[in-house]
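# Coordinate inspection notes
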Amino acid sequence: MCGIVAYAGPRDAVPIMLEGLARLEYRGYDSAGIAVVGRSGDLRVRKVKGRVARLADDLPARFKGSPAIGHTRWATHGEPSDANAHPHVSGSVAVVHNGIIENADELRAKLAGDGVEFASATDTEVLAHLIARAADDAGDLEGAVRRALTSLVGTYGIAVIDARRPERIVVARNGSPVVLGIGEREMFVASDLSALVRYTRQVVHLDDGELATVEAGGFRTSTLDARATAKSPSVIDWEPGQYDTGSYDHFLQKEIHEQPSAVRRALSGRLDTRFHTAHLGGLELDARQAREFRRVKIIGCGSAYYAGLMGAQLIEELARVPAGAEPASEFRYRNPVVEHDTLYIAVSQSGETYDTLAAVQELRRKGGRVLGVVNAVGSAIARECDGGVYLHAGPEISVASTKAFTSTAVVLALIALHLGRIHDLSPADGRRIADGLRALPEQIEEILAHEDHIAALARDLVRHPGMFFIGRVRGYPVAREGAQKLKEISYLHAEAYQASELKHGPLALVGPELPTVAVVPDDELFDKNVSTLGQVRARHGRVLAVAHRAGAVAENADDVIVVPKNQPELDPILLTIPLQILAYHAAVELGHDVDKPRNLAKSVTVE
Ligand code: G6P
């Protein structure tokens, strides 16, 4: 979704803005813009509907200067258009904003009553006018921003410049990330680390309710009510090369292939060979506290939720503690009963998803204990939780989640092992699971080696208008994630069902036109799965089985993708990988923008 970049320093800021905005493209956007203070002290603004490349082509040669602010916009208030693109300007002030101003209509009416004329339909323009009006003759930009923000209800990450005070940028955060990047006598600002890694490793994350004045020589932070805050920089460990596709055609393909190394990192230093358990320092729970939880509830959105479904089964199986998963968006709106003996786990790759963040805040407000399973270090959700475990999957750029999904499932398996060994999981079973986890990276490599076979199946399957994905119990979250991947990037209709539910309704749709992708692990439900395949085939439905043994399902499937066998509890992680590859090649075959699917954003930072 929306992205912010800003720069204060001796260099021409415009190339830095264009580079930073290009780095933010992956988040999803529909327009882009830059405001810069020119060498002669004038404010210059260019903004266009469409891609950053179009903005770059549109810039006149004299569009140069410093400081500057830049933005990629994902429309919420007002359609995607040149006028609605950020920055928004009032007099000498220019503003870029991520988030939503909830009382924008009210403020707009008030400003219009005072004679202010609006150039856009956005909520952000309201803020630009409020700041310009709050600025006094002395040009105290920080004070003006502070005063303007007091009348605002909603979420924001903002960056503001004023051509009358060309040495500074004022930024503020409430619910939408703002990170400062510290350079050599220059400062950078971004809403996402990806825009900073080319320039600096030293960063400072603003907290909610914090404001900063940034100048080339440094920065100072304070709360909205002007109390100074002390911040110490942290060091980013993500490499700039992680933001390139390298030898792959797309980020999605690269990230699918990064899964063995991502899983190795998720496991690194976390398996205990003495007690056959997992060490997870960030949980902030001792064994006695962990035993007191009688239930586990996992919340997340999209693929994070499906990984949560997988994790809930793992926790229930290994720890024998009732566990379930629910979309965070639904959870927070149904006034959840928060129990003191339920352990809540919030799952999010980006750590920014607004629905998940708001659910965590609601849970903590009611006294619930929440752990985060998050990829982005220092992100809003990670900071909001009582404790947690980082994925260390590295940046995930493609909108459709793959390596973060797999790493989440692996981290939830570690939590399940840890809770299991505190409860009644035997040392022998603990060792079995730990060995299974260690085997995953090589087994994923084995699956990746069959990419060509899966690609050929994908090319064939896309001739159909849609597909069913079915799985039983452990296979069901696999089917959900498989269907999600396919619909996200190929735009084919894909629906996931519990295999047992097929005969209770969806079977009416089965026929030669609608193939079924069936998850058929070699477990105690194998025979039942095979009999479901028989029901599909009896209606002339085509079956693609993802199974451990080709021979065993061959009679009831048109095609089989064979996946190496691990432990039954961990098999779902491996069974998902071919479905990612299938979706990827289906989207490539159909000629879609694989990494930036239509209508979707990587981090959904609004409701
Ligand atoms: C968006 C993305 C999905 C993602 C979901 C949760 O909807 O399009 O691919 O699974 O957000 O994202 P998170 O960053 O919280 O894991």
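Right above here is the structure, for reference.
Residue numbers restart at each chain and count upward from 1, following the sequence in its written direction. For a predicted model such as this one, the threshold for reporting local features is a pLDDT of at least 70, and the threshold for listing and counting side-chain atom pairs is 80 or more; totals across whole chains, interfaces and linings nevertheless cover every residue. Side-chain numbers come from the whole structure's heavy atoms, not from hydrogens or water.

## Side note on the packing of helix H7 (residues 259-267) against helix H13 (residues 403-422)
The condition is simple: Interaxial angle, 0 to 180 degrees, is taken between N-to-C directions of lines fitted to C-alpha atoms, where a helix line uses only the stretch in contact. Secondary structure elements are defined from DSSP: runs of H or I of at least 4 residues count as helices, runs of E of at least 2 residues count as strands, and each element is numbered from the N terminus. Convention used here: angles under 35 degrees read as roughly parallel, angles over 145 as roughly antiparallel, angles from 65 to 115 as roughly perpendicular, and any remaining angle as oblique. When the near helix sits turned anticlockwise from the far one by under a right angle, the crossing is termed left-handed; a clockwise turn instead gives a right-handed crossing. Any pair of residues with heavy atoms lying within 4.5 Å of one another is described as a contacting pair. Amino acid classes used here: Ala, Val, Leu, Ile, Met, Phe, Trp, Tyr, Cys and Pro are nonpolar; Asp, Glu, Lys and Arg are charged; the rest, including Gly, are polar.
For the pair H7 and H13, the least separation of the axes is 9 Å and the interaxial angle reads 30°. Taken together, the axis directions place H7 and H13 in an arrangement best described as roughly parallel. In this structure, the crossing between H7 and H13 has a hand that is right-handed. Of the residues in H13, those in contact with Gln-259, Ala-262, Val-263, Ala-266 and Leu-267 of H7 are Lys-403, Thr-406, Ser-407, Val-410, Val-411 and Leu-414. Taken together, the residues that form the contact of H7 with H13 break down as 7 nonpolar, 3 polar and 1 charged.

## Quick notes on helix H1 (residues 13-24)
Using the following cut-off: In a helix, the anticipated span is given by 1.5 Å times the number of residues less one. For every residue, the accessible area (1.4 Å probe, protein chains only) is compared with the maximum for its type, and the residue is labelled buried under 20%, exposed over 50%, or partly exposed between those bounds. Contacts described as polar in this section are N or O atom pairs within 3.5 Å, which, within protein, must combine one atom able to donate a hydrogen with one able to accept it, while residues neighboring in sequence count only if both atoms come from side chains.
In this model H1 runs 16 Å from its N-terminal to its C-terminal C-alpha over 12 residues, within 8% of the 16 Å that 1.5 Å per residue would give. Here H1 has its buried residues at Ala-13, Val-14, Ile-16, Met-17, Leu-18, Gly-20, Leu-21, Arg-23 and Leu-24. Residues of H1 that are buried in the fold lie against strand E1 (3-8), strand E2 (31-37), helix H2 (52-58), strand E4 (68-73) and strand E10 (187-190). N-cap assignment for H1: the residue whose side-chain oxygen lies 3.2 Å from the backbone N of Val-14 is Asp-12.

## Considering the site of the ligand
The condition that has to hold: Proximity is defined per residue: if any heavy atom of the residue lies within 4 Å of a molecule or strand, that residue is considered near it. Under the convention used here, a 1.4 Å probe and the Shrake-Rupley method define accessible areas, while residue burial counts only the protein chains that appear. Domains are outlined according to an automatic or database domain assignment.
In the vicinity of the ligand, 13 residues are found, and the nearest of them are Ser-348, Gln-349, Ser-350, Thr-353 and Ala-601. Taking Ser-350, its side chain carries an N or O atom lying 2.6 Å from an oxygen atom of the ligand. At 2.4 Å from an oxygen atom of the ligand is found a side-chain nitrogen or oxygen belonging to Thr-353. For the ligand, whose free accessible area comes to 390 Å², the fraction covered by protein is 90%. Of the residues assigned to the shell around the ligand, the class counts are 5 nonpolar, 6 polar and 2 charged. Of the residues that make up the shell around the ligand, three or more belong to each of domain 2 (251-445) and domain 3 (450-607).

## Looking at helix H11 (residues 354-365)
Between its first and last C-alpha atoms H11 spans 16 Å; for 12 residues at 1.5 Å apiece the expected length is 16 Å, and the two agree. For H11, a buried count of 9 out of 12 residues is recorded, marking the element as mostly surrounded by other parts of the structure. Packed against the buried residues of H11 are strand E18 (295-300), helix H10 (328-333), strand E20 (342-348), strand E21 (369-374) and helix H12 (380-384). Two residues or fewer after H11 comes Gly-367, characterised by a positive phi angle close to 90°.

## Section: the environment of Pro-166
Counting through the fold element by element, Pro-166 comes out in the loop between strand E7 (156-162) and strand E8 (168-174). For the pair Pro-166 and Glu-215, spaced 49 residues apart in sequence, the C-alpha to C-alpha distance is 9.3 Å. Apart from residues no more than four positions distant in its own chain, Pro-166 is found in contact with Val-37, Ser-66 and Pro-67.

## Digging into the nonpolar core
Note the threshold: Residues enter a nonpolar core if they are buried and are Ala, Val, Leu, Ile, Met, Phe, Trp, Tyr or Cys, with the set joined through side-chain atoms within 4.5 Å.
Counting 93 residues, the largest nonpolar core has Val-296, Ile-298, Ile-315, Ile-345, Ile-415, Leu-437 and Phe-469 as the members making the most contacts within it. With 13 residues, H13 is the single largest residue contributor to this core. Counting residues domain by domain, this core receives three or more from each of domain 2 (251-445) and domain 3 (450-607). Aside from chain neighbours lying at most four places away, what touches Ile-345 is Val-296, Lys-297, Ile-298, Ile-299, Ile-315, Leu-371, Val-373, Leu-412 and Ile-415. Formed by 33 residues, the second largest nonpolar core is a distinct cluster that contains Val-52, Leu-55, Phe-188 and Phe-251.

## Overview of the sheet that holds E10
Adjacent strands of a sheet form backbone hydrogen bonds with each other and so pair up, either parallel or antiparallel. The condition that has to hold: We treat two strands as partners when DSSP finds at least two bridges between them.
The strand order across the open sheet formed by 8 strands is E3-E2-E4-E1-E10-E9-E11-E15, and the pairing between neighbours is antiparallel. The sheet terminates laterally at strand E3 (43-49) and strand E15 (234-235), the two strands that pair on one side only. Both strand E9 (residues 179-182) and E10 contribute to a ladder of 4 bridges, which runs antiparallel. Looking at E10, one finds that Val-179 is bridged to Ala-190. Along the sheet face, H1 touches E1, E2, E4 and E10 and points at about 155° away from the line of E1.

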